[in-house]
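# Survey of secondary and tertiary structure
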Amino acid sequence: NLSAIQEYRAKNDDYLARVAELDEVTKKRDEGRVHLDTLRKNRLDLFMSGFSIITSKLKEMYQMITLGGDAELELVDTLDPFSEGIEFSV
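Quick caveat, the model's predicted, so the values are computed rather than measured.

Along its length, the protein chain carries two helices and two strands. Order of helices (α) and strands (β) in the protein chain, N terminus to C terminus: α-β-α-β. Against the compact-globule benchmark of 12 Å for 90 residues, the protein chain has a radius of gyration of 28 Å, which places it well outside the compact range. Judged by the C-alpha coordinates and their principal axes, the protein chain covers about 95 × 15 × 10 Å.

Here's what the structure looks like:
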């Protein structure tokens, strides 16, 4: 019976070590996800800022060139502009 108790303690220690390792890896994964989400939000914000400026300048330039015509850049998918792209219409 004494060997069974020692074996149990050894396996329990191994289990606790693995649980600690899992917690550490899970924490790192969650930190990575937060960082990735921050980068994606920053990319979207910068893109939308630039897209807005380019759209307004395009509209202004096209009206000057065509003496009153209208041109527009539109996002195909407004929720995820990187998936479907941009549509140019005149």
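Following the structure, the description resumes.
With that settled, consider the pairing of strand 1 (residues 72-75). A one-sided burial pattern is seen for strand 1, the buried positions being Leu73 and Leu75 and the unburied ones Glu72 and Glu74. Where strand 1 lies against strand 2 (residues 86-89), four bridges are found, and the strand directions are antiparallel. Each bridged residue has a counterpart across the sheet, and for Leu73 the counterpart in strand 2 is Phe88.

Moving on, we come to the pattern of salt bridges. This model, assessed by the stated rule, comprises six salt bridges. Between Arg18 and Asp14 there is a salt bridge whose closest N-O contact spans 3.3 Å. Highlighted residues: Arg18 and Asp14, both in helix 1 (residues 2-66), separated by four residues, approximately one helical turn. We classify Arg18 as exposed; its relative accessible area is 56%. Residue Asp14 is classed as partly exposed on the basis of its relative accessible area, which comes to 40%. Salt-bridge contacts for Lys59 lead to Glu72; the nearest nitrogen and oxygen are separated by 3.8 Å. Remark: Glu72 occurs in strand 1 and Lys59 occurs in helix 1; sequence separation between them is 13 residues.

The rules behind the values
- Residues numbered from 1 in each chain as written.
- Predicted model: local features only at pLDDT ≥ 70, side-chain atom pairs only at ≥ 80, totals over all residues.
- Heavy atoms only, no water.
- Helix = DSSP H or I, 4+ residues; strand = E, 2+ residues; numbered from the N terminus.
- Rg over C-alpha atoms; globule rule 2.2 N^0.38 Å.
- Buried < 20%, exposed > 50% of the residue type's maximum accessible area, 1.4 Å probe, protein only.
- Pairing = 2+ DSSP bridges.
- Salt bridge = Lys/Arg side-chain N within 4 Å of Asp/Glu carboxyl O.

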